[in-house]
Every structure is written in structure tokens, then in C-alpha cells.
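# Observations on the model geometry
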Amino acid sequence: FAMPNLAGLRVQAIPPGYTGLPDIDQRNQGDLTVPEGTPIQWTVNVSNGTGLRMRLNDAPLDVRAGAANTFHSNWVASKNTAYWLTPTGDGVTGDSLRHRIRVIRDGKPTIRVAEEADSTSRKRRHFTGSVQDDYGFSRLTFVWAFAEKVARTTTDEANATTTASQENEGRIELEVPTGRKGTFFHTWEMGAIDWREGDVLECWFEVWDNDGVRGAKMTRSGTTRIAAPSQDDIREERNETAQSIED
């Protein structure tokens, strides 16, 4: 008496498009590793039997019968799991096969930034940074804000010449790096900001990944704090500039 058995197994998986990973199509190999959100389809051939049961951990998985003792099932990868394939016949059950699916979650991006003061102006800063992610990026921004701000008089506010000089914070969208890692450069011109002795500015960068399953995740760089130059600092800078012109 022939027992039901598994005659063939095909596993197909299509990783989410944003990952850039190739499709998976493997035969008679049930273990696989996929990103979270990957649709998986099983096609199983059964010999000497009339049915198939599939179990995902402790939960049954829906199985659809096809032609010539072929069965299909689908699942969208959400967590690490084991699954079992069990061929069945009229009142009999064949040996089960156990396989594992490893599901990789999209991690947060990383960012590193180095800052350098300008040699000619205390109101200019240069930044060099690098970013890295599992699959790519969707946004990169530079953000600044007043950490400390001395009180302004009504006359001071009225004399502000530009909208920029009255702002307490700002955000600049930068070019988004391509690929899974990249570098960027940014020069911050602070001349238009009403920045006075006693004020302290802080700035940082924010990078978002391109997670198409759970939504883009943001990582913030370390914060740089910059105290406004004193009047003595400004006079010294002007004298140095004038001296260099004379030389």
C-alpha cells in the first residue's frame, strides 16, 4: 500500500520593489530568507494522495487544489517561522516535511557627520556626512534652530530686514543619495539669521530610508551647538580680513 508523499515543491517569492532584490524561484528546497513584506507562493505536487495540509507554526494555511494533484498556497512574510507540508489520502496521512522561513526586517538608516568652521567667516559652517541603509533613502534634510535666544525689543523686531532674519528655525532639503550608501556635503550660511551675542544655534541632519512596508524611518545625526560671536570676535574677524587684503 503506497503512502501519500510529496513529489515536488516549488517556492516563488517576490521581494518588495523598493528593495531592488531579485525574485526567488527555487525547486525542492523549502527553506528561504526574504525581506519583510515578501509575497510567497508554494506549488506542491503530491503522489499517491488526494490532498495537502500546510501549517505555519501553529496555524493552518489555506491550500487550493489545482490540476493533477498539484496544490497551491500563499503567505506574505511577516516574521520568522517554521512551516510543515503534509500529504494526505483517503483516511491516511503521509510524512510531514518541515522548513523554515527567515524574515529580515528593514533596519533604520545610519548617518555620520563631521563639521568644520570656515576660515574666513564665523557665520559659515561646512559639513561632510555619510549615510547607509539596507536598501536606500527617500529624504535627507538639514535642520537648524535657536537653542538659546536673548530677548529682542519691539524695535529690534521692526528693524528686521528679511523674513529669514526673524525665523527661529529652518529646514533645508538636500539631494538624496542614491544606492545603499553615499556621502553628502553642505555649507550653512548663517549671515541672514538675526544671530546676536548670547544666542546659541543648534543644527543637525535627518535621513529617511525608503521602507515600503512599514513606512520611511528617520535617523537624526548628532547635534552641533554654535554660540554667536561676541562683538570683540566680530571686530577681530574684520581686522584680520582687512589685514589680509592689505597683504
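These remarks concern the structure in this document. Keep in mind the model is a prediction, meaning the values are calculated, not measured.

Cut-offs applied
Numbers given to residues run from 1 along each chain, matching the order in which its sequence is written. The predicted origin of the model limits local features to residues at a pLDDT of at least 70 and limits the giving and counting of side-chain atom pairs to 80 or more, whereas totals for whole chains, interfaces and linings rest on all residues. Each side-chain value is worked out from all heavy atoms of the structure, with water and hydrogens disregarded. Put simply, DSSP marks the helices as runs of H or I at least four residues long and the strands as runs of E at least two long, and each gets a number from the N terminus on. Remark: exposure states derive from per-residue accessible area (1.4 Å probe, protein chains only) relative to the maximum for the residue type, with buried under 20%, exposed over 50%, and partly exposed in between. Pairs of residues are marked as contacts when any of their non-hydrogen atoms sit within 4.5 Å. Residue-level accessible areas treat just the shown protein chains as cover; the underlying method is Shrake-Rupley with a 1.4 Å probe. What qualifies as a polar contact is a pair of N or O atoms within 3.5 Å, subject to a donor-acceptor requirement within protein and to the restriction that residues adjacent in sequence count only when both atoms come from side chains. Whenever Lys or Arg places a side-chain nitrogen within 4 Å of a carboxyl oxygen from Asp or Glu, that contact is recorded as a salt bridge.

### Here's the deal with the overall build of the protein chain
Of regular secondary structure, the protein chain possesses three helices and 18 strands. Classification of the 247 residues of the protein chain by burial places 40% in the buried group. Put simply, 68% of the contacts in the protein chain that link residues at least 6 apart link residues at least 24 apart. Accessible surface computed for the protein chain: about 14100 Å², of which carbon and sulfur atoms make up 46%.

### Notes on the side chain of Thr86
Inspection of the secondary structure puts Thr86 in strand S9 (residues 81–88). One polar contact links Thr86 to Ser96, side chain to side chain, over a distance of 2.5 Å. Not counting residues within four places of it along the chain, the set of residues in contact with Thr86 comprises Gly51, Leu52, Arg53, Thr93, Gly94 and Ser96.

### Remarks on the pattern of salt bridges
As enumerated under the stated definition, the model contains 15 salt bridges in all. The partner of Arg10 in a salt bridge is Asp25, with the nearest N and O atoms 2.6 Å apart. Residue Arg10 is located in strand S1 (residues 5–13), and its partner Asp25 is located in strand S2 (residues 24–27); the two are separated by 15 residues in the primary sequence. Owing to a relative accessible area of 25%, Arg10 belongs among the partly exposed residues under this scheme. Of the residues examined, Asp25 reaches a relative accessible area of 45% and is grouped as partly exposed. Salt bridges linked by common partners bring Asp106, Asp209, Asp211 and Lys217 together as one network.

All we've got here are geometric facts, nothing functional implied.
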